[in-house]
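Structure at a glance
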Amino acid sequence: MQMPKLKAVIFDLDGVITCTDEYHYLAWKKLFDRLGIEFSRRENEQLKGIGRRESFELIAGGKFSGDKVDRYLREKNEYYIKFLDNNKLSPLPGITKLLEQLNSAGISKAVASGSRNAPQILNNLGMTACFEAIVDGSMCTKSKPAPDLFLLAAEKLCVSPAECVVVEDSQAGIQAAADAGMKSIGIGNYLRNADFCLADTRLLDISIVLSFNF
Ligand code: MG
């Protein structure tokens, strides 16, 4: 069998490794309800993968002064952490199998998440040791759709961007992967520019990753 030139798979966290995307939604909902700002799952779609401050600006931009915004961002994170504390997290179906397959094939694995809570979440899942590199939102000033988080993950793994495949559930993340020069597998409904789309993480398999033409 011909060896692939693929060297690494970089995973998004929220909505790919585990279902924390739902807790982000519920925490934003709690904050915006309190502030009397209309917010539903429809508006939430555009926040997927986007940083905390950028998310707030998208929904309530210009309505509040700087220090109020800082206070609301802390409040949203407190709600989010409460949801994490009150719910047992587990990896989404298909993730553990893919990680094992990648291990056997000698392909490196990283997480590149816009969340500053990523290290804690991976720790709670008992998955920190599953990855050779972990990049979180505190390590880059620009969040997705900027390619910075993915580029830093590749640098930490000592591989070039062209040797990486990204697994992502957000349009911002697919854009970030494309701008980083990486191939992507989109999870969920149709994601523009994804090289491959899957309805669900349970369909993930190393054969998809290896089918890319490197
Ligand atoms: Mg995500």
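Residues numbered from 1 in each chain as written. Predicted model: local features only at pLDDT ≥ 70, side-chain atom pairs only at ≥ 80, totals over all residues. Heavy atoms only, no water.

1. Details of the domain arrangement of the protein chain
- Domains assigned within the protein chain are domain 1 (8-18 + 91-210) and domain 2 (21-85).
- Computed over C-alpha atoms only, the centres of domain 1 and domain 2 are separated by 24 Å.
- Contact residues are listed per partner, giving 12 residues for domain 1 and 12 residues for domain 2.
- Across the domain 1 to domain 2 interface the summed buried area is about 910 Å²; carbon plus sulfur atoms make up 48%.
- When residues of domain 1 are sorted by the area they lose upon contact with domain 2, Asp14, Asn117 and Ser143 head the list and together hold 39% of the total.
- Taken together, the links from domain 1 to domain 2 amount to 0 salt bridges. (Domains from an automatic or database assignment. Contact = heavy atoms within 4.5 Å. Buried area = accessible area lost by both parts, 1.4 Å probe. Salt bridge = Lys/Arg side-chain N within 4 Å of Asp/Glu carboxyl O.)

2. Regarding the environment of Leu204
- Its place among the elements puts Leu204 in the loop between β6 (196-198) and α9 (206-210).
- Distance from Leu204 to Ile187, taken between C-alpha atoms, is 9.1 Å for residues 17 residues apart in sequence.
- What Leu204 contacts, discounting residues up to four positions off in sequence, is Gly94, Ile95, Lys97, Leu98, Val167, Ile185, Ile187 and Leu198. (Helix = DSSP H or I, 4+ residues; strand = E, 2+ residues; numbered from the N terminus.)

3. Focus on the pairing of strand β1 (residues 8-11)
- Burial along β1 is two-sided: Ala8 and Ile10 facing one way and Val9 and Phe11 facing the other are all buried.
- Sheet topology places β1 next to strand β2 (residues 108-112); 4 bridges connect them, and they run parallel. Its bridge partner lying in β2, Ile10 is registered against Ala110.
- Here β1 pairs with strand β4 (residues 164-168) via 4 bridges, running parallel. Bridged to Phe11 within β4 is Val167. (Buried < 20%, exposed > 50% of the residue type's maximum accessible area, 1.4 Å probe, protein only. Pairing = 2+ DSSP bridges.)

4. Section: the coordination of the magnesium ion
- Donor atoms from the polypeptide that coordinate the magnesium ion comprise Asp12 (OD), Asp14 (O) and Asp169 (OD), at 2.1 to 2.2 Å from the metal.
- For the magnesium ion, the donor residues sit on a single chain with the sequence spacing D-x1-D-x154-D. Of this pair, Asp12 sits in the loop between β1 and α1 (20-35) while Asp169 sits in the loop between β4 and α8 (171-180), placing them 157 residues apart in sequence. Taken individually, Asp12 and Asp169 each receive the classification buried, so the pair is uniform in this respect. (Donors = N, O, S within 2.8 Å, 3.2 Å for Na, K, Ca; no water.)

5. Quick look at the nonpolar core
- In terms of nonpolar packing, the biggest core is built from 49 residues, with Phe11, Ile17, Phe56, Phe131 and Ile185 touching the most fellow members.
- Structurally, this core is a two-domain feature, drawing no fewer than three residues from each of domain 1 (8-18 + 91-210) and domain 2 (21-85).
- Aside from chain neighbours lying at most four places away, what touches Phe56 is Trp28, Leu31, Phe32, Leu35, Gly61, Phe64, Val69, Tyr72 and Leu73.
- Core analysis: the next-biggest nonpolar cluster, separate from the first, contains 20 residues, Ala112, Cys140, Leu152 and Val166 among them. (Core = buried A, V, L, I, M, F, W, Y, C linked by side-chain atoms within 4.5 Å.)

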